[in-house]
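Architecture at a glance
Okay, here's what each chain looks like letter by letter:
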Amino acid sequence: MKISLLTFALVAIFGSSSWIGTNSVWMELSLLTAKLPEGWNLPSYLSAIVQIACLGPLIYSIILKGIKVSIPTVPLIFVFMILACCCQLGLCFFWSDTSYIFGAVRSWPLYLLLFGLAIVDAISSVLFLPFMAKFHPAFLNAYFVGMGLSALIPSLLSLIQGTSNYWCDGNKVPHYDAPRFSVSVFFLINFFFTCAALGAFVILYKTGAHKNSIKVVPDTVDTPAESEDTSESNFQETSASGARLAFLLIATALVNAQMNGIVTSVQSYATLVYSQNTYHYAVTLANVVSPLASWLQFFLKIQSIPILAALTLCSTFCTGVIVYLAALSPNWIFGSEAAGSAISIASSLIAAGLHSYLRVMFAALLREGNHKESRLFWCGAFIQIGSFTGSAIMFPLVNVWKLFHSAPSCR
């Protein structure tokens, strides 16, 4: 089959809507914490809101798989993407509004709008992926490229905005430069990207790009001896297939726990201790590597479970290095700023590349065979389970027990 570049681009744009809403808020934290009454307690509140929103996929899964209620996928995707556009637009105007609630001044409009975005982002794992099962397998890669863009786009915008540029005076006090454009403009640009994703989805559906032909294999008649051998062979294949499926789903959860929960929680501690540039290079280049690694599956398709397991261990090792560097903060590894900066950036890039490649490969392998839509549903479910588990583990370590310590801006 000849792959349409236009369809590939539309799928990637559609996939970029998966987490762009939540990521856009996260990339503005340095400005939000400076202007909102919660200060540096704001990230912990927002993290809790995102975790509550993660209950959305659980409820959807119970309704769909537990109660067996048939829910039309396409209209539901359209509704959720409209909700994402509305919430993103609302951030442009109401992100700074506050009022007195529960004994304190709180940024409740920001809470509500982020909750709406997080609901869409979280449920995309179990709603958008099964929709992608209707496409040619090559377009699944395009979707994961789009997922990478959902982090890259806000990251690049934040760099252009200059949210964290500062200089130190003689007393080692940081002075932050004014951003090139406001928080409202930043959210407005992301609103346009979200609208583009909605438009891409509508075009994909209206043009019928999601329709896939199904080949029917005619039945054959076996002799009794052949039937007995076939029965034993099918039993062995089913057992092997079950073990393979279990590995792919568990590994999917593990990789996404590291990618979306662990690394994001401690990366600032592992990089900012060396310099602001180290942080920006690690985060931005990792967001560049992530969508590029999603393309790698076109050229290098690994289907061997032992090799995939070895790569998963490598990605876990890189994640462990990042956590170790974060635990050392505010001290440098080997007492060297240069060595620590190099190790921090390298581990971030390798981890991002492995996580993205493995996520695509696991999804591609799960898509093979029968019941591909159901398998991709569970792939999305385990993506969300892993992300939630990683965040749930790291949240108390970072925000409650405060095991990680930030370094002063000017050393």
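Conventions adopted
- Residues numbered from 1 in each chain as written.
- Predicted model: local features only at pLDDT ≥ 70, side-chain atom pairs only at ≥ 80, totals over all residues.
- Heavy atoms only, no water.
- Helix = DSSP H or I, 4+ residues; strand = E, 2+ residues; numbered from the N terminus.
- Buried < 20%, exposed > 50% of the residue type's maximum accessible area, 1.4 Å probe, protein only.
- Contact = heavy atoms within 4.5 Å.
- Axes fitted to C-alpha atoms, helices over the stretch in contact; angles between N-to-C directions.
- Parallel < 35°, antiparallel > 145°, perpendicular 65-115°, else oblique.
- Left-handed = near helix turned anticlockwise from the far one by under 90°.
- Phe/Tyr/Trp six-rings, centres within 6.5 Å; stacked < 30°, edge-to-face > 60°.
- Lys NZ or Arg CZ within 6 Å of the ring centre and 35° of its normal.
- Domains from an automatic or database assignment.
- Buried area = accessible area lost by both parts, 1.4 Å probe.
- Salt bridge = Lys/Arg side-chain N within 4 Å of Asp/Glu carboxyl O.
- Polar contact = N/O pair within 3.5 Å; in protein donor to acceptor, adjacent residues only side chain to side chain.
- Expected span 1.5 Å × (residues − 1).
- Core = buried A, V, L, I, M, F, W, Y, C linked by side-chain atoms within 4.5 Å.
- Nonpolar A, V, L, I, M, F, W, Y, C, P; charged D, E, K, R; others polar.
- Bend = angle between axes of the 7 residues up to and from the residue.

Thoughts on the overall build of the protein
In terms of helices and strands, the protein carries 14 helices and four strands. Along the first, second and third principal axes, the C-alpha atoms of the protein reach 90 × 45 × 40 Å. Relative to its 411 residues, the protein shows a buried fraction of 48%. Considering only contacts in the protein between residues 6 or more positions apart, those separated by 24 or more positions represent 82%.

Some details on the packing of helix H5 (residues 55-66) against helix H14 (residues 372-400)
The interhelical angle for the contact between H5 and H14, taken along N-to-C directions, is 155°, at an axis separation of 11 Å. One way to sum up the angle between H5 and H14 is to call them roughly antiparallel. As for how H5 packs across H14, the hand of that crossing is left-handed. Along the contact surface, H5 presents Pro57, Tyr60, Ser61, Leu64 and Lys65, while H14 presents Ser374, Phe377, Trp378 and Gln384.

Quick word on the packing of aromatic side chains
Each aromatic ring pair is characterised by the separation of its centres together with the angle its planes make. All told, the structure shown has 19 aromatic pairs when counted by the stated rule. Measuring from ring centre to ring centre gives 5.6 Å for Phe191 and Phe192, while their planes differ by 50°; the resulting arrangement is tilted. The ring of Phe377 has Lys65 sitting right over it, with the charged end atom 4.9 Å from the ring centre.

A look at the environment of Val126
Inspection of the secondary structure assignment puts Val126 in helix H7 (residues 108-132). Taking the C-alpha atoms as reference points, Val126 and Ser70, 56 residues apart in sequence, are found 14 Å from one another. Apart from the residues within four sequence positions on either side, Val126 is in contact with Pro57, Tyr60, Ser61, Phe377, Gly380 and Ala381.

A few points about the domain arrangement of the protein
Splitting the protein by domain gives domain 1 (1-213) and domain 2 (241-410). In this assembly, 44 residues from domain 1 lie in contact with 34 residues from domain 2. When the two sides are added together, the surface that domain 1 and domain 2 hide from each other amounts to roughly 3400 Å², 67% of it contributed by carbon and sulfur. Of the charged contacts, one joins Lys134 and Glu373 as a salt bridge, the two residues approaching to 3.7 Å between their closest N and O atoms. Joining domain 1 to domain 2, the criterion identifies six residue pairs in polar contact (both at pLDDT 80 or more). When contributions to the side of domain 1 that touches domain 2 are tallied by element, the ones reaching two or more residues are helix H4 (42-53), H5, H7, helix H8 (138-161), strand S3 (166-168) and strand S4 (174-176). Sorting elements by how many residues they give to the side of domain 1 that touches domain 2 places H8 first, with 13 residues.

Notes on helix H6 (residues 73-94)
Each turn of an α-helix holds 3.6 residues, which means side chains three or four residues apart point in the same direction. Between its first and last C-alpha atoms H6 spans 31 Å; for 22 residues at 1.5 Å apiece the expected length is 32 Å, and the two agree. Inspection of H6 places Thr73, Val74, Ile77, Phe80, Met81, Ala84, Cys85, Cys87, Gln88, Gly90, Leu91 and Cys92 among the buried residues, and these make up the whole buried set. Looking at the buried side of H6, the elements it contacts are helix H1 (5-15), helix H2 (20-26), H7 and helix H9 (183-206).

Some points on the nonpolar core
A general tendency of soluble globular proteins is for nonpolar side chains to be buried together. Ranked by internal contacts, the top residues of the largest apolar core, which has 85 residues, are Phe14, Leu46 and Met132. Setting aside its immediate chain neighbours within four residues, Leu46 contacts Val25, Trp26, Leu29, Leu110, Tyr111 and Leu114. In this structure, Val263, Tyr269, Ala270 and Val398 belong to the second largest nonpolar core, which totals 17 residues.

Examining the pattern of salt bridges
Considering all chains together, one arrives at two salt bridges under this definition. Put simply, Glu368 and Lys301 hold a salt bridge, and the shortest N to O gap is 3.7 Å. Of the two residues, Glu368 is situated in the loop between helix H13 (337-367) and H14 and Lys301 in the loop between helix H11 (276-295) and helix H12 (305-328); the sequence distance between them amounts to 67 residues. With relative accessibility at 44%, the residue Lys301 sits in the partly exposed group.

Thoughts on the packing of H8 against H11
Where H8 meets H11, the closest approach of the two axes is 8 Å, and the angle between their N-to-C directions is 160°. Between H8 and H11, the interaxial angle falls into the category roughly antiparallel. Here H8 and H11 pass one another in a crossing that is left-handed. Of the residues in H11, those in contact with Asn141, Phe144, Val145, Gly148, Leu149, Ala151, Leu152, Ser155, Leu156 and Leu159 of H8 are His280, Val283, Thr284, Asn287, Val288, Ser290, Pro291, Ser294 and Trp295. Considering only residue class, the contact of H8 with H11 consists of 11 nonpolar, eight polar and no charged.

Digging into H8
Helix length check: H8, at 24 residues, gives a terminal C-alpha distance of 35 Å against a target of 34 Å (1.5 Å per residue), a fit within 8%. Its axis deflected by about 30° at Leu149, H8 carries its strongest bend there. Counting buried positions along H8 yields 19 of 24 residues, so the element is predominantly enclosed. Where H8 terminates, the next one or two residues include Gly162, which has phi positive at roughly 75°.

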